[in-house]
Every structure is written in structure tokens, then in C-alpha cells.
Amino acid sequence: MNYYIGADLGTSALKLVLTNENAEIIKTVSKEYPIYFPKPNYSEQDPEDWWNAVCGGINELTRGISPDGIKGIGVGGQMHGLVMLDENDRPLRPAILWNDTRTGKETEYLNRVIGKEKLQELTGNIAFAGFTAPKILWVKNNEPELFKRCRKICLPKDYINYKLTGEFVTDVSDASGTLYFDVEKRQWSKEMLETLGIREELLPRVCESADIIGKTALFGLDANVVAGAGDNAAAAVGTGTVNDGQCNISLGTSGTVFIPTGSYVKTENPALHSFCHANGKYHLMGCILSAASCNKWLNETVFESDYNVQIGAENELYFLPYLSGERCPHNDEDIKGAFIGITHATTRADMQRAVFEGVSFAIKDCIELCPEKISAATVCGGGAKSKEWMQLLSDILGIRLSVINNEGPAYGGALLASGISPKIKIEYTVEPNVALTDIYSKKYKKFRQLYPLLKPFYKEEL
């Protein structure tokens, strides 16, 4: 029997899966690591923590399995993070993560001075605070001496692949989120590199996601390692979201709406990302920065207890899920989350419902930007474990939702390594209640009024 390892280098933990030649998941392992918030708007991790998790995780995952049976490894991982290495291949500083929003000035410079139209022409996208290019400018502006010592720049999962194989490589899906990659041509944008003042030799070689980049002899293995993919593209492979007309919604720490396209699409609304897919094609994606993490925050930080989720009756309580600022559609790193409409009668269950509704409305913001009408979608991620939330999301979006229970990007990574099609198990399907969809369309309109009202408040300096 042949086996394959898939990894998801997530924000809170590394998830590993072992699959067989029938694309069945045999074993899973999870290894947590810390995330650091040294200042407001900062979000960092130590790449060595990732690597320690990989070492411990693969050893645990393969225990009892003959090393000769492990044929391939595929890594999916959090996108946009900036990893900088010195001449000895050691991290120069903590990695700056996708949800780090310190780069407001750099993002504004790219969008206003370089210009959104020029950025779209060169890369297919505009600048967002979480993208890699603004992070590079931030380091150049704020840590110039450190930047001079930089010899390699890569993304989080590419650091792991480099440690596994010694090959400095990225894949097209992950590179798409840097803002110095020409998505349409699937290569680094020389003009953007000149704009950023970085040499191409600092960057990894670009491959397609399923390309074998080398072998690893670590952990007693002799396994091929593929280039892998950004977490959302890897998850799409794992959920079978690879064809036109499909849609996958992921409710993890962040939330995404993922739509495959057979060819490159220049979006009319640049809040929607246009990226390369892991299957050799392309996809559109809307991303909100806080999804299931809003529910985690409510229960662990506010209520400080585990909570058997119950949701209150419909009410006029609103929740804005902008706990880390917001990407799609607002591209605003300064906006904050809020409850609107709290009274003496507000209950814990009411707040729970408002959080579910607020995140669902934010997902609807992304759906509304899609060029084609979405009539159905698959859903994965931690948020999909709540049947109450899934019914509410279906009612708000007005579409059928099929909940898939697999290990998302990790499973997709294993499939990229094996070349095998996924075995998709639909846990359950929910249909929208048309009457409630009509009611929610009115509440959504009021939800849409709240961001413009609050935006000036957070833009004013004290």
C-alpha cells in the first residue's frame, strides 16, 4: 500500500493527514504553535515553530508505517506571510502574517501612487494590507539594516518545502497573493519587482502546484515533495472545487468564497481576488479576515467558557465581524468589530445569533461581487460544524449548502502529492427557507449601512 502525507500550515496549528492510494484518510495529527501580537495590528510567528511542528507531526503521523510506503508529501499553507532568510538560511525576523495590518501606509502608497489600475495590469490584483508586497515595503522602511541582510524571501509553506528538500520553490497559487506575481502569465512581474526594489534572485523558482520539486530523506523517508499550494487552493482541491460553476465557502479563522474559472478573469471589482488555481487554471476569491474566529472570540474571550451553541430569536442586534480589519469588500485595515443594538434584554443567545449573522452577511458581501450568480456551494472549515449556523447561512445567502467534512488544505496537499481525485463525503445539505431569505435581505441592507457610518470614526486621529 502506498501512502501520502498532506500538510496544512495554518495560523493556529499544523494539520497533517496520511492518505492511502484510494484517497482515504488513514490518520490525522495536529500540532499547535503560538502566534504573537507584539503591538496593535501586528501578527507574527516564528518559522522555527512551524518546522518543529512539522518534525514532531510527521514522526507521529508515520509511526507504525514503513518509510518505504510513503511516496509523496504535499504542503498547503497560510498565504501572504513574509519569511525572510539570511545568508545562512536562518529567519531574519518573525514571519509577518496574512492578518497583520501594520502596512496601512505602504498599502495606500501602492494603491494611490502606483495606482490600482496599474497594479491590476501587472498582477491582476490591487494592494491589500495583508498581501506580501506591502510587508516588504514596511520592512524596507522600518528595518532597513535588517532588509540589507536578506538573501531569500518566501512564503510560509515554501519555507517548509525548502527545509524538506533544499529546493527554493513556490507555486503559482501561493505566489498569486504576493502582489509581485503576474497572475495571468503565471510568473514573477519584473516591473513590480522594480517598483518594490527587490531582485528576482531573492525569490523562489515558480512551479505548478503538483510539480515534484525534489525528495526528502528526512524522518527516514524517500518521498517526493510537490510544490503544494496556498491554503484556499489546496482546500479547493480537497473539496473537488476545480470546475467552472462550482463554489466553495470556507469558514476557518478567516472566511473565503472560492470560485474556479477555466481562464484568467480580470475582475470588475478589485476587492475580489483573481489568482492562479492549483489545477493549472484560475479562480476568483473573496476573503473576510474573521469568520469562525469571531465565534471563538465570543465564547472563549467574552464568555470565558465552552458553550453549547444556541441562537436567539430574530432581533435587531447586529454584529460587524471586523476583528482584524476587513479585506473584501472594504480593504480597510483600520475598521473594528462592533455590536450594534444591545439592550437590557439582549441575551447570550442573541449575541451568538448576531455573530453568526454578521459573519454570514460578510460572506454575502463577497458573493454579491461574483460575476456569475451562485446557486449552490460546498462549505468546509470549523464553522461548518454548527448545523444551526449552516441553516442560517443558507437562509441569508438564499442558496443550497452542502457541508463537507474533510481536512481541507491538508487533504488537498495529499491529493496534489498523489495525483488522485478526492473522495468527497457530504455530511448533510441544507436548503434555504425562502421566507427567511426575504426577511434577511432587508436586514442585510441595514447591515450594509453600518460600515460607512463607522468608517469615519476609525479614520479620525485622536
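Refer to the structure presented above.
**What about helix H10 (residues 348-369)?**
Alright, step 1. Taking 1.5 Å of rise per residue, 22 residues should cover 32 Å, and H10 covers 33 Å from first to last C-alpha, within 8% of that figure.
Alright, step 2. A large share of H10 lies buried, amounting to 19 of its 22 residues.

**Details of empty space enclosed by the protein**
Alright, step 1. With the rule as written, the count across this model stands at three cavities of 30 Å³ or more.
Alright, step 2. For the largest cavity, the calculated volume is near 70 Å³.
Alright, step 3. Taken together, Trp98, Thr101, Phe128, Ala129, Gly130, Leu289, Glu326, Arg327, Asn331, Asp332 and Glu333 form the lining of the largest cavity.
Alright, step 4. Across the lining of the largest cavity, the residue classes tally to four nonpolar, three polar and four charged.

**Remarks on the pattern of salt bridges**
Alright, step 1. Here the structure, examined in full by the defined rule, presents 27 salt bridges.
Alright, step 2. Measuring nitrogen to oxygen at the nearest pair gives 2.8 Å for the salt bridge that ties Lys31 to Glu60. Of this pair, Lys31 sits in strand S3 (residues 25-32) while Glu60 sits in helix H1 (residues 47-61), placing them 29 residues apart in sequence.
Alright, step 3. Between Asp365 and Arg448 there is a salt bridge whose closest N-O contact spans 3.1 Å. Here Asp365 is found in helix H10, whereas its partner Arg448 is found in helix H13 (residues 434-459), with 83 residues between them in sequence.
Alright, step 4. By relative accessible area, which is 3% here, Asp365 ends up buried.
Alright, step 5. Residues joined in a network through salt bridges with shared partners are Glu44, Arg93, Asp100, Arg102 and Glu143.

**Details of the sheet that holds strand S23 (residues 400-404)**
Alright, step 1. Strand order in this open sheet of seven strands is S18-S19-S17-S16-S22-S23-S24, and the pairing throughout is mixed. Looking at strand neighbours, the two that pair on one side only are strand S18 (273-276) and strand S24 (426-430), the edges of this open sheet. Sheet twist, expressed as the mean angle between neighbouring strand axes with direction ignored, is 25°.
Alright, step 2. The pairing of strand S16 (residues 248-251) with strand S17 (residues 255-261) spans four bridges and is antiparallel. Each residue of the ladder has a partner; that of Leu251, found in S17, is Gly255.
Alright, step 3. Packing of helix H11 (residues 387-397) onto the sheet brings it into contact with S16, strand S22 (376-380), S23 and S24, and relative to S24 it is tilted by some 45°.

**Examining the layout of surface pockets**
Alright, step 1. The calculated volume of the second largest pocket comes to roughly 630 Å³.
Alright, step 2. In this structure, the second largest pocket is lined by 24 residues; those nearest its centre are Glu108, Arg112, Asn331, Glu333 and Lys459.
Alright, step 3. Those elements that provide at least two residues to the lining of the second largest pocket are helix H2 (104-123) and H13.
Alright, step 4. In terms of residue count, the dominant contributor to the lining of the second largest pocket is H2 (seven residues).
Alright, step 5. When grouped by side-chain class, the residues that make up the lining of the second largest pocket number seven nonpolar, six polar and 11 charged.

**Here we look at the environment of Ile288**
Alright, step 1. Turning to its location among the elements, Ile288 is positioned in strand S19 (residues 282-288).
Alright, step 2. Sequence separation between Ile288 and Val359 is 71 residues; the distance between their C-alpha atoms is 8.5 Å.
Alright, step 3. Non-local contacts of Ile288, meaning those with residues more than four positions away in its chain, are made with Ser254, Gly255, Glu326, Cys328, Val359, Ala362, Ile363 and Cys366.

**Considering the pairing of S17**
Alright, step 1. In terms of burial, S17 is a largely internal element, seven of the seven residues being buried.
Alright, step 2. On S17, burial covers both faces: Gly255, Val257, Ile259 and Thr261 on one face and Thr256, Phe258 and Pro260 on the other are all buried.
Alright, step 3. Hairpin connection from S16 to S17: three residues lie between these consecutive antiparallel strands.
Alright, step 4. Of the pairings in the sheet, the one linking S17 to S19 comprises seven bridges and is antiparallel in character. Opposite Gly255, over in S19, you have Ile288 as the bridge partner.

**A word on the packing of helix H8 (residues 231-238) against helix H12 (residues 409-418)**
Alright, step 1. Contact geometry for H8 and H12: axes closest at 7 Å, N-to-C directions at 75°. The angle between H8 and H12 places the two elements in the roughly perpendicular class. The segment H8 lies against H12, with Asp231, Ala234, Ala235, Val237 and Gly238 engaging Pro409, Tyr411, Gly412, Gly413, Leu415 and Leu416.
Alright, step 2. Looking at side-chain class alone, the contact of H8 with H12 contains seven nonpolar, three polar and one charged residues.

**Remarks on the side chain of Gln45**
Alright, step 1. By the element assignment, Gln45 lies in strand S4 (residues 44-45).
Alright, step 2. Overall, Gln45 belongs to the buried group, its relative accessible area being 0%.
Alright, step 3. Within polar-contact distance, the side chain of Gln45 engages the backbone oxygen of Pro34 at 3.4 Å.
Alright, step 4. Contacts of Gln45, omitting those with residues within four sequence positions, involve Gly10, Thr11, Tyr33, Pro34, Ile35, Tyr36, Trp50, Gln78, Pro94, Ala95 and Leu97.

**Comments concerning the state of the cysteines**
Alright, step 1. All told, the structure shown has zero disulfides when counted by the stated rule.
Alright, step 2. Cys276 forms no disulfide, and the closest cysteine sulfur to it belongs to Cys207, at a distance of 13 Å.
Alright, step 3. Residue Cys328 stays outside any disulfide, its sulfur separated by 3.7 Å from that of Cys366, the closest cysteine.

**Focus on the environment of Ser441**
Alright, step 1. Of note, Ser441 is situated in helix H13.
Alright, step 2. Since its relative accessible area comes to 31%, Ser441 is described here as partly exposed.
Alright, step 3. As for Ser441 and Asp395, which are separated by 46 residues in sequence, their C-alpha atoms are 9.5 Å apart.

**Thoughts on the packing of aromatic side chains**
Alright, step 1. Per the stated rule, a full pass over the model turns up 18 aromatic pairs.
Alright, step 2. An angle of 20° between the planes, with centres 6.2 Å apart, marks the rings of Trp297 and Phe319 as stacked. Separated by 22 residues along the polypeptide, Trp297 in helix H9 (residues 292-302) and Phe319 in strand S20 (residues 318-320) bring together distant segments of the chain.
Alright, step 3. A residue is classified by how much of its surface remains accessible, and Trp297, at 28% relative accessible area, is partly exposed.

What counts and what doesn't
- Residues numbered from 1 in each chain as written.
- Predicted model: local features only at pLDDT ≥ 70, side-chain atom pairs only at ≥ 80, totals over all residues.
- Heavy atoms only, no water.
- Helix = DSSP H or I, 4+ residues; strand = E, 2+ residues; numbered from the N terminus.
- Expected span 1.5 Å × (residues − 1).
- Buried < 20%, exposed > 50% of the residue type's maximum accessible area, 1.4 Å probe, protein only.
- 1 Å grid on protein atoms, 1.4 Å probe; cavity = no way out; pocket = protein on both sides within 12 Å on 5 of 7 lines; lining within 4 Å.
- Points joined across faces, edges and corners; volume = space filled by probe spheres on them.
- Nonpolar A, V, L, I, M, F, W, Y, C, P; charged D, E, K, R; others polar.
- Salt bridge = Lys/Arg side-chain N within 4 Å of Asp/Glu carboxyl O.
- Pairing = 2+ DSSP bridges.
- Axes fitted to C-alpha atoms, helices over the stretch in contact; angles between N-to-C directions.
- Contact = heavy atoms within 4.5 Å.
- Parallel < 35°, antiparallel > 145°, perpendicular 65-115°, else oblique.
- Polar contact = N/O pair within 3.5 Å; in protein donor to acceptor, adjacent residues only side chain to side chain.
- Disulfide = S-S within 2.5 Å.
- Phe/Tyr/Trp six-rings, centres within 6.5 Å; stacked < 30°, edge-to-face > 60°.

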